[in-house]
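Architecture at a glance
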Amino acid sequence: APAPPPTRHLFSDPAEVEALRGNLLAWYDRCKRDLPWRALAATELDADRRGYAVWVSEIMLQQTQVATVIDYYNRWMQKWPTLQALAQASLEEVNELWAGLGYYSRGKRLQEAARKVVSELAGQMPRTAEDLQKVLPGVGRYTAGAIASISYGQATGVVDGNVIRVLCRLRCIGADSSSPAVIDQLWDMANVLVDRSRPGDFNQALMELGATVCVPKAPLCGECPVKQHCQAWRRKLFGNAPKVPDVEDCGVGDCPLCPPATEPWDSSLGVTNFPRKAAKKPLRVMRTATCVLERRGCHGAPEYLIVQRPSSGLLAGLWEFPSLPLAQDLQEEREREELADHLQAWMGRPVAAKGLRFIGEVIHIFSHIHQTYVVYSLPLDGDVTLDPALSPSRWVTEDEFHASAVSTAMKKV
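Conventions used here
- Residues numbered from 1 in each chain as written.
- Predicted model: local features only at pLDDT ≥ 70, side-chain atom pairs only at ≥ 80, totals over all residues.
- Heavy atoms only, no water.
- UniProt positions renumbered as here; feature names shortened; annotations may be inferred.
- Helix = DSSP H or I, 4+ residues; strand = E, 2+ residues; numbered from the N terminus.
- Buried < 20%, exposed > 50% of the residue type's maximum accessible area, 1.4 Å probe, protein only.
- Lys, Arg positive; Asp, Glu negative; His and termini not counted.
- Charge placed at Lys NZ, Arg CZ, Asp CG, Glu CD.
- pLDDT = per-residue confidence, 0-100.
- Contact = heavy atoms within 4.5 Å.
- Domains from an automatic or database assignment.
- Buried area = accessible area lost by both parts, 1.4 Å probe.
- Salt bridge = Lys/Arg side-chain N within 4 Å of Asp/Glu carboxyl O.
- Polar contact = N/O pair within 3.5 Å; in protein donor to acceptor, adjacent residues only side chain to side chain.
- Nonpolar A, V, L, I, M, F, W, Y, C, P; charged D, E, K, R; others polar.
- Core = buried A, V, L, I, M, F, W, Y, C linked by side-chain atoms within 4.5 Å.
- Phe/Tyr/Trp six-rings, centres within 6.5 Å; stacked < 30°, edge-to-face > 60°.

Taking an unreviewed UniProt entry as the reference, the protein chain is identified by name as Adenine DNA glycosylase belonging to Platysteira castanea. UniProt lists a comment for the protein chain under the heading Catalytic activity (unreviewed entry), and it reads "Hydrolyzes free adenine bases from 7,8-dihydro-8-oxoguanine:adenine mismatched double-stranded DNA, leaving an apurinic site." Its UniProt record, at the heading Sequence similarities (unreviewed entry), says of the protein chain: "Belongs to the Nth/MutY family."

Listed below in structure tokens is the structure:
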């Protein structure tokens, strides 16, 4: 069995824990950002509406920056201010509002969960982190803890990317911060630290600290309200002076929280020695041929054909220009031929490969895919009858295109 972490990595002194809580909450009360979901949660909403407001914000904030989320959040809460309103919406409406926010399955799962709460739980949100995670699709351990602590006052900790960074620096945790062993220890720490009387504010304060002060690069250590509790900051100041224990050597080579011996402390990095992360997996490289089919509409304005993607997988249920994945290193002539065959199946009539006009290439980076869209256009004369047995499709004007549930990648195209 792995050796237990030495106590110097943990928060084992009750007096220190109490001081850290007080300093962090006092800073949060002075310096917290004015964010719409915080304003909603602080109003006299009933418990379920407050839980819903926090839930929507937490789902939107997964993998997405605050500045991007604010407008989406305000539009969402204006359109669907309650769980019941969201449960009655169509997936198409949800996708249209979510378009451009990325990770589209989040919106779909959020609506599925809202319908479940309305139909199976009489509209009442679960009140504990355990029940939230167990009952609601798309709600994991972090989201459940955030909703339960902020909305319902449960004294449970949270661990997200910002909290990982803060805790790893506070306690010089240099092992791979994505490993299960380290994540388990960080959750234990978060549950020890969380303030029992203000759990929601404390958790938000810890995340706020990571988002605004204890940032990945060039952290503002001079402004940190808990720097006196930070072992990485003290190590930066004093190095390995006798009055500061050398946490790097605390486990004599077998400490599960220390950096590996092959990655010693780099004095030039200071506190940014922590956290250490595993090497990123290389992105999968993909090429896709995309054709913008254009016709003259009944009012003279150009119209474009969009088709709906399958209901599962990447960009599920969104609309796009007719597209076809390509094999790597395919010659342009062969690309045209394969795309022409694909379009012919849609239109029910021959499409000449030489009639496809090459426009250019668009690169879009998904979380795990480096996607290149090879873009062609094809103007059409007269009406086109599409095969109704294929995926849903429709002709749209440019304005209608931008109002539809289309991805950022298709907007680039």
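Read on, since the account is not over.
Let us now look at the overall build of the protein chain. Counting its regular elements, the protein chain contains 16 helices and seven strands. Projected onto its principal axes, the C-alpha positions of the protein chain cover 80 × 50 × 40 Å. Expressed as a percentage of the 413 residues in the protein chain, the buried residues total 49%. One finds the centroid of the 46 positive side-chain charges in the protein chain at a distance of 4 Å from the centroid of its 48 negative side-chain charges.

Mean pLDDT over the protein chain: 88, with 92% of residues reaching 70 or higher. Within the model, the stretch residues 241-245 combines pLDDT values under 50 with three contacts to residues more than four positions away or in other chains.

This paragraph deals with the environment of Val215. Looking at the secondary structure, you find Val215 in the loop between helix H12 (199-212) and helix H13 (231-238). Sequence separation between Val215 and Trp346 is 131 residues; the distance between their C-alpha atoms is 50 Å. Excluding residues within four positions of it along the chain, Val215 makes contact with Arg165, Arg169 and Gly210.

Turning to the UniProt feature "domain: HhH-GPD" (unreviewed entry) in the protein chain, a few remarks are in order. The UniProt record annotates "domain: HhH-GPD" (unreviewed entry) at residues 60-212. Measuring from the first to the last C-alpha atom of residues 60-212 gives 19 Å, for a span that is 67% helix and 0% strand.

For the bond from Phe274 to Pro275, the omega torsion is -5°, close enough to zero to count as cis. For Pro275, the location among the structural elements is in the loop between H13 and strand S1 (284-296). Notably, Cys172 is not glycine yet its phi reads approximately 50°, a positive angle. Assignment of secondary structure puts Cys172 in the loop between helix H10 (161-170) and helix H11 (180-193). Classification of Cys172 as buried rests on a relative accessible area of 1%. Positive phi values are uncommon outside glycine, yet Ala218 reaches one of about 50°.

The subject of this paragraph is the domain arrangement of the protein chain. Entries for the protein chain in the domain assignment read domain 1 (7-229) and domain 2 (284-403). Spacing between the C-alpha centres of domain 1 and domain 2 amounts to 39 Å. Tallying the contact residues gives six residues for domain 1 and ten residues for domain 2. Summing the contributions of domain 1 and of domain 2, the shared interface buries around 560 Å²; its carbon and sulfur component is 47%. Scanning the region where domain 1 abuts domain 2 turns up one salt bridge. The salt bridge involving Arg394 is made with Glu92; its shortest N-O contact spans 3.9 Å. Taken together, the connections running from domain 1 to domain 2 amount to two residue pairs in polar contact (both at pLDDT 80 or more). By residue number, the principal contributor to the side of domain 1 that touches domain 2 is helix H6 (residues 91-98), which donates three residues. Broken down by class, the residue content of the side of domain 1 that touches domain 2 amounts to two nonpolar, one polar and three charged.

Time to look at the pattern of salt bridges. What the rule picks out here adds up to 16 salt bridges. Glu16 is paired through a salt bridge with Arg171; the nearest N and O atoms lie 2.8 Å apart. Taken together, the residues Glu16 in helix H1 (residues 14-31) and Arg171 in the loop between H10 and H11 connect sequence positions 155 residues apart. Under the relative-accessibility criterion, Arg171 is labelled buried at 2%.

It is worth spelling out the nonpolar core at this point. Tyr52, Trp55, Met60, Trp76, Leu186 and Leu209 are the most contacted members of the largest nonpolar core, which has 101 residues in total. When we break this core down by domain, the ones giving at least three residues each are domain 1 (7-229) and domain 2 (284-403). Core analysis: the next-biggest nonpolar cluster, separate from the first, contains 18 residues, Cys291, Leu343, Val351 and Trp395 among them.

Overall, the coordinates contain five aromatic pairs when judged by the stated rule. Ring centres of Trp76 and Trp80 lie 4.7 Å apart, and the angle between their planes is 75°; this geometry places the pair in the edge-to-face category. With respect to burial, Trp76 and Trp80 carry one shared label: buried. Between the aromatic rings of Trp76 and Trp98, the centroid separation amounts to 5.7 Å while the plane-to-plane angle is 80°, which identifies the pairing as edge-to-face. One end of the pair, Trp76, is in helix H4 (residues 66-79); the other, Trp98, is in helix H6, and 22 residues separate them in sequence. As far as the burial class goes, Trp76 and Trp98 line up, both buried.

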